[in-house]
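# A look at the structure
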Amino acid sequence: MPKPEYEFGPVDVVPHTPCNPPIDGLSEQILARDSNSDAVTRILTFEPGTDTSPNGVLTHDFWEEVFIFEGSFVDQRLGREFKAGDWATRPPGMEHGPWKSENGAKMFEVRYYSAESQEQP
């Protein structure tokens, strides 16, 4: 089923749930999910002091577009700080992270699969 239709509503009613794999201080609010493809729209929240080093460098098989709208974090692999107003587009297989956020951060994120990736067995 595609992502459900939803007219405007407050984000604060969407529950925060632990991310998978779980990291202390890291949570997500799933705004929409396509149960067939697992495409997701979410808000990712880093509480102050969150460190994703236990997960190491990430790669995945989907596209990911991210916009930081609050706070900042440091990409430990790149040694660079990214802050509110910064954005990224990551194709499948792109390495990113781990991150550490001293003061916390919030990001709007959309994950989706290309037609080619959905056709693969």
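Every value quoted in this text rests on a predicted model; they were computed, and no experiment measured them.

Listed in full, the 12 residues of the largest apolar core are Cys19, Ile23, Leu26, Leu44, Phe46, Val66, Ile68, Phe73, Phe82, Trp99, Ala105 and Met107. Looking at this core, the elements that each hand over two or more residues are β3 (40-46), β5 (63-75) and β9 (105-112). If one sorts the elements of this core by residue count, β5 sits on top with 3 residues.

For the rest of this paragraph, the subject is the packing of aromatic side chains. Within the structure shown, the criterion is met by 6 aromatic pairs. Judged by centre distance (6.5 Å) and plane angle (90 degrees), the rings of Phe46 and Trp99 are edge-to-face. One end of the pair, Phe46, is in strand β3; the other, Trp99, is in strand β8 (residues 99-101), with 53 residues separating them in the sequence. Exposure remark for Phe46: the relative accessible area of 3% places this residue in the buried category.

This paragraph deals with the layout of surface pockets. Approximately 510 Å³ is the volume attributed to the largest pocket. Taken together, 28 residues form the lining of the largest pocket, with Asn20, Arg42, Leu58, Glu109 and Arg111 sitting closest to its centre. Elements that contribute at least two residues to the lining of the largest pocket include exactly β2 (26-33), β3, β5 and β9. For the lining of the largest pocket, the per-class residue count stands at 14 nonpolar, 6 polar and 8 charged. When its volume is computed, the second largest pocket comes out at roughly 290 Å³. Around the second largest pocket sit Pro4, Tyr6, Glu7, Phe8, Gly9, Pro10, Val11, Val13, Val14, Ile30, Leu31 and Ala32, which together line it. Split into classes, the residues belonging to the lining of the second largest pocket amount to 10 nonpolar, 1 polar and 1 charged.

The rules behind these values
- Residues numbered from 1 in each chain as written.
- Predicted model: local features only at pLDDT ≥ 70, side-chain atom pairs only at ≥ 80, totals over all residues.
- Heavy atoms only, no water.
- Core = buried A, V, L, I, M, F, W, Y, C linked by side-chain atoms within 4.5 Å.
- Buried < 20%, exposed > 50% of the residue type's maximum accessible area, 1.4 Å probe, protein only.
- Helix = DSSP H or I, 4+ residues; strand = E, 2+ residues; numbered from the N terminus.
- Phe/Tyr/Trp six-rings, centres within 6.5 Å; stacked < 30°, edge-to-face > 60°.
- 1 Å grid on protein atoms, 1.4 Å probe; cavity = no way out; pocket = protein on both sides within 12 Å on 5 of 7 lines; lining within 4 Å.
- Points joined across faces, edges and corners; volume = space filled by probe spheres on them.
- Nonpolar A, V, L, I, M, F, W, Y, C, P; charged D, E, K, R; others polar.

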